[in-house]
Amino acid sequence: MKKMKNIAVVLRGHVRTWHFNTSKVFKFYNEIAENVDYYFITWDTSNTEGIEESFVDQNLIHFHILSYSLHNALITEGAKEGNYYNGHLGPPFMNMIMLPHIRRQEKRLGAQYDCIFDTRPDVLPVRKQIIWGESAGDDLSITYPNPKTIYFTRLEMQTNALTNKLDVAMQDWFMYMGSDEFEIFNMRYHADNWVYQLDDGP
């Protein structure tokens, strides 16, 4: 099976079952790419003990812990939970904090990533297999992301945070896309405020 050359895996959100998932997660990505770079960002409400140590023999490029009360005094009038501590704003906000680290690593590699996986620490990715014919039981071939395309698991109904009405939304448990698409997609909320310089973000 032909592997991708360089991929990035952004693990964002609550730690949840990460410590139970690590070996299978690493196996999945190591089987589809020659080089896998990991970016892990979580909330300080999670148990962050041992996260960095779980990446033994793996490329953990950046690990980041965010305060769940980030910007609360300015935006939510003193509420304990910050503006980004929710399912709508949290994922793209976390990804934009990772973006400068991704861009720096791409410069080191001399090329953009073949693919960026945008997922959660509690997701177990599994390769589907061919179920009929001479190749039955073999893993399906890897699909490189097409330009201006985002791949995700399914559509679902969500309540729009701005209008309070139902919207059709993409499930954000597991997505993949090209490097430029990752940046564009994650600038969908308050983009002008979310582009940080390296080591100058929250």
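Residues numbered from 1 in each chain as written. Predicted model: local features only at pLDDT ≥ 70, side-chain atom pairs only at ≥ 80, totals over all residues. Heavy atoms only, no water.

**Student:** Which parts of the structure should I look at to understand the overall build of the chain?
**Tutor:** Along the chain, the regular secondary structure elements total 4 helices and 8 strands. Start at the N end of the chain and walk to the C end: the helices and strands fall as β-α-β-β-α-α-β-β-β-β-β-α. Counting the 202 residues in the chain, one finds 44% classified as buried. The contacts of the chain with a sequence gap of at least 6 include a subset with a gap of at least 24, amounting to 67%. Carbon and sulfur atoms make up 51% of the accessible area of the chain, which amounts to about 11600 Å² in all. (Helix = DSSP H or I, 4+ residues; strand = E, 2+ residues; numbered from the N terminus. Buried < 20%, exposed > 50% of the residue type's maximum accessible area, 1.4 Å probe, protein only. Contact = heavy atoms within 4.5 Å. Areas by Shrake-Rupley, 256 points an atom, 1.4 Å probe, with all protein chains shown as cover.)

**Student:** What should I look at first to understand the sheet that holds strand S4 (residues 115–119) in this one?
**Tutor:** Note on sheets: strands pair through backbone hydrogen bonds, and any given pair is parallel or antiparallel. Reading across the sheet, the 6 strands line up as S3-S2-S1-S4-S8-S5 and stay open at both edges, with mixed pairing between neighbours. Looking at strand neighbours, the two that pair on one side only are strand S3 (59–66) and strand S5 (150–152), the edges of this open sheet. Across the sheet, the axes of successive neighbouring strands diverge by a mean angle of 15°, strand direction being ignored. Note: S4 against strand S8 (residues 174–177), 4 bridges, orientation antiparallel. Of the residues in S8, the one forming a bridge with threonine 119 is phenylalanine 174. (Pairing = 2+ DSSP bridges. Axes fitted to C-alpha atoms, helices over the stretch in contact; angles between N-to-C directions.)

**Student:** I tried to follow the side chain of arginine 127 on my own but got confused; where do I start?
**Tutor:** Among the secondary structure elements, arginine 127 is positioned in the loop between S4 and S5. No salt bridge forms around the buried arginine 127; measuring N to O, its nearest opposite-charge neighbour aspartate 139 is 4.1 Å away. (Lys, Arg positive; Asp, Glu negative; His and termini not counted. Salt bridge = Lys/Arg side-chain N within 4 Å of Asp/Glu carboxyl O.)

**Student:** Please explain unusual backbone geometry as it appears in this structure.
**Tutor:** Negative phi values dominate among residues other than glycine, just as trans dominates among peptide bonds. Here arginine 16, not a glycine, exhibits a phi torsion of approximately 50°, which is positive. Within the fold, arginine 16 resides in the loop between strand S1 (4–12) and helix H1 (18–30). The exposure class assigned to arginine 16 is partly exposed, which follows from its relative accessible area of 47%. In this model, aspartate 57 sits at a positive phi of 65°, which is unusual for a non-glycine residue. One can find aspartate 57 in the loop between strand S2 (33–43) and S3.

**Student:** I would appreciate a short explanation of the packing of aromatic side chains in the present structure.
**Tutor:** The geometry of an aromatic ring pair comes down to the distance between the two centres and the angle between the two planes. Taken as a whole and assessed by the stated rule, the structure comprises 15 aromatic pairs. Consider the rings of tryptophan 18 and phenylalanine 40, whose centres lie 5.6 Å apart with planes at 75°: the pair is edge-to-face. Separated by 22 residues along the polypeptide, tryptophan 18 in helix H1 and phenylalanine 40 in strand S2 bring together distant segments of the chain. Relative accessible area serves as the criterion here: at 0%, tryptophan 18 is assigned to the buried category. Of the residues examined, phenylalanine 40 reaches a relative accessible area of 0% and is grouped as buried. (Phe/Tyr/Trp six-rings, centres within 6.5 Å; stacked < 30°, edge-to-face > 60°.)

**Student:** It is not clear to me how the environment of glycine 178 should be interpreted in this structure. Could you clarify?
**Tutor:** Inspection of the secondary structure assignment puts glycine 178 in the loop between S8 and helix H4 (179–186). According to the relative accessible area criterion, glycine 178 is buried, its value standing at 11%. Taking C-alpha positions, glycine 178 is 8.6 Å from tyrosine 144, a pair spaced 34 residues apart along the chain.

**Student:** It is not clear to me how H1 should be interpreted in this structure. Could you clarify?
**Tutor:** One turn of the α-helix equals 3.6 residues, which is why residues spaced by three or four share an orientation. Between its terminal C-alpha atoms H1 stretches 17 Å, which fits the 18 Å expected from 13 residues at 1.5 Å a residue. Of all the bends in H1, the largest measures some 30° and sits at lysine 24. Taken as a whole, H1 has its buried residues at Trp18, Asn21, Thr22, Val25, Phe26, Phe28 and Tyr29. Close packing links the buried residues of H1 with S1, S2, S4 and S8. (Expected span 1.5 Å × (residues − 1). Bend = angle between axes of the 7 residues up to and from the residue.)

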